[in-house]
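The primary structure of each chain is shown beneath.
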Amino acid sequence: MAMQVPLWHHYLRAIRSREAARVQEYQRAEDVLLTVLEHVHTLDPRFLVDYSRDLEAFQFSLRSSDGPLDMEVPLSVEAAALLIEELGDAQTENGPVHCRLGVPRAGSGLEPWMTEDVFTASSEEDSAACLGHIEPSKVLHVLKDRLVAAIVHCKHHGLIAPGSLNMDSLREEELGLSLLVSSGWRSIRFTIVPVVQRKHRMPTLEGAQLMPGFPEGSLKRIMGQGVALVPASAQLWRVSTDHLLTRMLSALGCLQGHRLDSLSLLDRVNHESWRDGGQSPGLSFSHLKTVLLWASVLFPAPEDWAELQGATYRLLVVLLCCLATSNLPHFLHPEWNLLQDTGLDLRALYQRVELFASQPEAALRIHVTHLGRSPPPRLSNGVRALLQLPASDPAYWATAYFDVLLDKFQVFHIQDKDRISAMQSIFHKAKTLGGEDH
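Throughout this description, residue numbers start from 1 for each chain and increase along the sequence as written. Two thresholds apply to this predicted model, a pLDDT of at least 70 for residue-level local features and 80 or more for giving and counting side-chain atom pairs, whereas whole-chain, interface and lining totals are computed over all residues. Note that water and hydrogens are dropped before the side-chain values are worked out from all heavy atoms of the structure.

Engineer: Describe the overall build of the protein, and please don't skip the residues or the numbers.
Structural biologist: The way it works is that DSSP assigns letters per residue, a run of H or I at least four long becomes a helix, a run of E at least two long becomes a strand, and they are numbered from the N terminus. Of regular secondary structure, the protein possesses 16 helices and 10 strands. Partly exposed residues are those whose accessible area sits between 20% and 50% of the maximum for their type, while under 20% is buried and over 50% is exposed, using a 1.4 Å probe and protein chains only. Within the protein, the fraction of its 438 residues that count as buried is 51%. We call two residues contacting when some pair of their heavy atoms lies within 4.5 Å. Put simply, 68% of the contacts in the protein that link residues at least 6 apart link residues at least 24 apart. Accessible area for the protein stands at about 19,700 Å²; split by element, carbon and sulfur atoms hold 53% of it. Methods summary: accessible areas were calculated by the Shrake-Rupley approach with a probe of 1.4 Å, and residue burial reflects only the protein chains presented.

Engineer: Which residues make up the nonpolar core, and what values go with them?
Structural biologist: Proteins that are soluble and globular tend to have nonpolar side chains buried together. What is meant by a nonpolar core is a set of buried Ala, Val, Leu, Ile, Met, Phe, Trp, Tyr and Cys residues, joined one to another through side-chain atoms within 4.5 Å. Residues W274, V318 and F331 are the most contacted members of the largest nonpolar core, which totals 126 residues. Looking at this core element by element, the count peaks at 13 residues for helix α10 (residues 308-325).

Engineer: I'd like to hear about the packing of aromatic side chains, residue by residue, with values.
Structural biologist: Whether two aromatic rings pair depends on their centres lying within 6.5 Å, for rings of Phe, Tyr and Trp, where Trp uses its six-membered ring; planes under 30 degrees apart make the pair stacked, over 60 edge-to-face, and the rest tilted. This structure, assessed with the given rule, holds 13 aromatic pairs. Each ring, one from Y313 and one from F409, has its centre 5.8 Å from the other, and the planes form 45 degrees; the classification is tilted. Separated by 96 residues along the polypeptide, Y313 in helix α10 and F409 in the loop between α15 (399-408) and α16 (417-432) bring together distant segments of the chain. The exposure class of Y313 is buried, given its relative accessible area of 0%. Among the aromatic residues, ring-to-ring pairing joins F214, W294, F299, F331, Y396, W397, Y401 and F402 into one connected group. Here, a charge over a ring is recorded when the distance from Lys NZ or Arg CZ to the ring centre is within 6 Å and its angle to the ring normal is within 35 degrees. Positioned above the aromatic ring of F60, the side-chain terminus of R22 is 4.3 Å from the ring centre. Here the basic side chain of R46 rests over the ring of W113, its NZ or CZ set 5.7 Å away from the ring centre.

Engineer: Tell me about the pairing of strand β8 (residues 187-198), residues and numbers included.
Structural biologist: Regular strands have side chains that alternate between both faces of the sheet. Judged by how many residues are buried, β8 sits mostly within the fold: nine of 12 residues are covered. Any two strands are treated as partners once DSSP identifies two or more bridges connecting them. Where strand β1 (residues 69-74) meets β8, six bridges bridge the pair, whose relative direction is parallel. Bridge pairing links E72 to V193 in β8. What sits between strand β7 (residues 177-182) and β8 in their antiparallel hairpin is a turn of four residues, with G184 showing a positive phi close to 125 degrees. Taken together, the three bridges between β8 and strand β9 (residues 227-231) define a ladder with antiparallel strand orientation.

Engineer: How would you sum up the pattern of salt bridges? Please name residues and give values.
Structural biologist: Any Lys or Arg side-chain nitrogen located within 4 Å of an Asp or Glu carboxyl oxygen qualifies as a salt bridge. Here the structure, examined in full by the defined rule, presents 14 salt bridges. For the salt bridge of R18 with E25, the shortest nitrogen-to-oxygen distance reads 3.0 Å. Here R18 falls in the partly exposed class, since its relative accessible area comes to 32%. Looking at E25, the relative accessible area reads 2%, which means it is buried.

Pasting the structure below:
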């Protein structure tokens, strides 16, 4: 066991050695895009520029995986001035209620949003209170036209470096505009998303002012930030919680321990091993971020995060449970399953993750000097049946149950007597129910 610890830290150091360069690459690409968006605002003041993007750079620094990054473009209208028409029948089993953004008849100062390029008028009999609706598809089309004009202007006036933007890469998709931006030797794909800011109740956070695992008072501050309404279809908008979740991730970075290190490490393993260097479909950074948020609540004690290997296994046992039950609950809306309708082969993915958890050394070796005999697998038998228990009884989604899993992987090193007793009680209950493989 002693020889494994340096291997984990060496792997993390290799990731961290690229962190500063990755942040610089991101900021160069972001600067190019912000320059273009500034001219978009000049051309059409309905589109604003959001400069408060430190959180996006912070999140990018944690990632090894590539993938589109969101660039939000706020619209110059507050949701409070509009009619939010939630459509009950538009609620999916696995997502938020969709809504339409109506322009009220009694509203004032909304004339820029009543032009034909972004607005569809209602007939008199449709609504006594609503003049019509702001449609995401129309907004996206106008934004694309403005982007094209802005890129041409910026290139012509030398405001962006030659080769930094490829006009041919600009694609209009249903939920945003995709654009490839060069930051020097690498390119980063951004998804440009129009957003409407809205104050929105988040019952999960409101009921968890003292949610364990987060710095005191942090959730209340985060809750006051509001949410964004983003395109959900050609006519409908939906609430996006991405920004809130990233703020919660940042709050975890204020705590001592290896929470964020474990996320970075697993994201690299996911990219290199579970997704074959990004060539195979698999888990996203967003999935792993959600796993960390759950693990931080399930394991609130500082000693759970004091050591890198143990911290990483806190994420692994939560991830394995989610894959075994085919259910990764959204952190703020646990009724939403983030693994539903992903098209992923969850059984094959589970096998890869369990193999890593049982014998991680092979995936952590990044240099020929790390070759050598691997320790025996941590599991003498499978844990899949044990991992299925939360699907039949949600009461198992608790620290004591996950402590049992840590013990199975030989990384439960907690000295707290009450916690040990609770873990043993759950273990005996699970064994009685036949939840342990033999």
